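Okay, here's what each chain looks like letter by letter:
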Amino acid sequence: MKIATFNINGVKARINALTDWLTESAPDVALLQEIKSVDENFPRDVFEDMGYNVETHGQKGFNGVAVLSKLPLEDVTRGLPGDDSDEQARWIEATVVGDQALRICGLYLPNGNPVELNDDGSPVAGGKYAYKLDWMDRLYDRAQDLMAQETPALMAGDYNIIPQREDAKRPDAWTKDALHRLPSRQAFRRIVNLGFTEGFRARQAGAGHYSFWDYQAGAWEKDDGIRIDHFLLTPQCADLMRDCWIESAVRGREKPSDHVPVWIDLAA
DNA sequence: ATGGCCGGTGGAACCGGA
């Protein structure tokens, strides 16, 4: 089973690029982020006509996540648990019903910029960086629950985290940024350290592997990228992993997203 | 070498992104 995560940066603007990609690359499951659409306006018929089951968790203007699956989806839940006042659409879960059940979580982790700090270095309450770290605390709690299930499960999406220096072309440019500053990396590592396998790094070492290139300043042409889209797998899911790769060529196509798809292939 | 964007909203600039 091939599963891809893809921040599409607007489903309406990306509809042709997206259907071309689905036709050519044919994921069994696609986790989409930044659909930038309310559920009612999501073009579900387009994907249903291609043989996908469609589940969305959208909002007006920005954010929004979705799952497309050729296999049946069950027990769909929307929103990351832990804060009923959080109205941003960044989390969706479902169980993919195949030879065995696989719990999949699609996520769009907050960017966190600008970083606003108090004099003691703590994040300013109510600011975007505080929201990012608070969201990651809730992600930790959900990750802990998933791990306790001892079943095949994964959390994948746009983490907005550059885990290590080798995951950026110019790491020094990111040291104070919300995507790479130490507390952000620590919060990510703390989740991984619950026992998750980071799919890509289980397959591929070394620098020069990116999943995002800014639209500005010719970043794609200069390969000035960062790796921020990740798969985290429970041990029972990691045991099934055959491969994990980044489909970077998609960034060079017509009217691309600024992110590209990241894939895993599972023996399931 | 150098400069440099894009999508959505709403109907012009501005927000949000990373």
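Just above sits the structure.
Everything numeric in this text was worked out from a predicted model, so none of it was measured. (Residues numbered from 1 in each chain as written. Chains lettered and ligands numbered in written order. Predicted model: local features only at pLDDT ≥ 70, side-chain atom pairs only at ≥ 80, totals over all residues. Heavy atoms only, no water.)

Considering the packing of aromatic side chains
Stage number 1. Evaluation of the coordinates by the stated rule reveals eight aromatic pairs.
Stage number 2. Measuring from ring centre to ring centre gives 5.0 Å for phenylalanine 6 and tryptophan 21, while their planes differ by 70°; the resulting arrangement is edge-to-face. Here the residue phenylalanine 6 occupies a position in strand 1 (residues 2–7), and tryptophan 21 occupies one in helix 1 (residues 15–25), the gap between them amounting to 15 residues.
Stage number 3. We classify tryptophan 21 as buried; its relative accessible area is 0%. (Phe/Tyr/Trp six-rings, centres within 6.5 Å; stacked < 30°, edge-to-face > 60°. Helix = DSSP H or I, 4+ residues; strand = E, 2+ residues; numbered from the N terminus. Buried < 20%, exposed > 50% of the residue type's maximum accessible area, 1.4 Å probe, protein only.)

With respect to the side chain of serine 69
Stage number 1. The topology assignment puts serine 69 in strand 4 (residues 65–69).
Stage number 2. Here the side chain of serine 69 touches leucine 71 through a polar contact of 2.7 Å, landing on its backbone oxygen.
Stage number 3. If near-sequence neighbours (up to four positions away) are discounted, serine 69 is found in contact with Asp28, Val29, Gly51, Tyr52, Asn53 and Val96. (Polar contact = N/O pair within 3.5 Å; in protein donor to acceptor, adjacent residues only side chain to side chain. Contact = heavy atoms within 4.5 Å.)

A look at the protein's contact with DNA strand B
Stage number 1. In the vicinity of DNA strand B, 27 residues are found, and the nearest of them are Glu34, Tyr108, Asn111, Lys222 and Ile226.
Stage number 2. In the environment of DNA strand B, a phosphate oxygen lies 3.4 Å from a nitrogen or oxygen atom belonging to the side chain of arginine 14.
Stage number 3. Taking alanine 217, its main chain carries an N or O atom lying 3.5 Å from a base nitrogen of DNA strand B.
Stage number 4. Here the residues of the surface near DNA strand B sort into eight nonpolar, nine polar and 10 charged. (Near = heavy atom within 4 Å. Nonpolar A, V, L, I, M, F, W, Y, C, P; charged D, E, K, R; others polar.)

Concerning the pattern of salt bridges
Stage number 1. Evaluation of the coordinates by the stated rule reveals 15 salt bridges.
Stage number 2. Measuring nitrogen to oxygen at the nearest pair gives 3.0 Å for the salt bridge that ties aspartate 224 to arginine 170. Of the two residues, aspartate 224 sits in the loop between strand 10 (212–213) and strand 11 (225–226) while arginine 170 sits in the loop between strand 8 (153–158) and helix 4 (182–192), which places them 54 residues apart along the sequence.
Stage number 3. On the accessibility criterion, aspartate 224 (18% relative accessible area) is buried. (Salt bridge = Lys/Arg side-chain N within 4 Å of Asp/Glu carboxyl O.)

Structural notes on unusual backbone geometry
Stage number 1. Here the amide bond leading from asparagine 113 into proline 114 is cis, since omega sits at 0°, within 30 degrees of zero.
Stage number 2. Residues other than glycine seldom take positive phi values, yet glutamate 150 does so here, at roughly 55°.

Points about the sheet that holds strand 14 (residues 262–266)
Stage number 1. Strand order across the open sheet formed by six strands is 3-4-2-1-14-13, with mixed pairing between neighbours. Either end of the sheet is taken by a strand with one partner, and the two such strands are strand 3 (53–57) and strand 13 (241–246). Taken pair by pair, the neighbouring strands of this sheet meet at an average axis angle of 15°, ignoring direction.
Stage number 2. As paired elements, strand 2 (residues 29–33) and strand 4 share five bridges and run antiparallel to each other. By the bridge assignment for strand 4, valine 29 is matched with serine 69. (Pairing = 2+ DSSP bridges. Axes fitted to C-alpha atoms, helices over the stretch in contact; angles between N-to-C directions.)

Some words on the pairing of strand 7 (residues 101–108)
Stage number 1. With seven of eight residues buried, strand 7 is to be regarded as a mostly interior element.
Stage number 2. The pairing of strand 6 (residues 91–97) with strand 7 spans seven bridges and is antiparallel. When the sheet's bridge partners are listed, tryptophan 91 is paired in strand 7 with leucine 107.
Stage number 3. Hairpin connection, strand 6 to strand 7: the antiparallel pair is bridged by three residues.
Stage number 4. Bridge count for strand 7 against strand 8 is six bridges, and the pairing is parallel. Its bridge partner lying in strand 8, cysteine 105 is registered against methionine 155.
Stage number 5. Assessed by its sense of winding, the connection that carries the chain from strand 7 through helix 3 (residues 128–149) to strand 8 is right-handed. (Right-handed = clockwise from strand over helix to strand, strands pointing away.)

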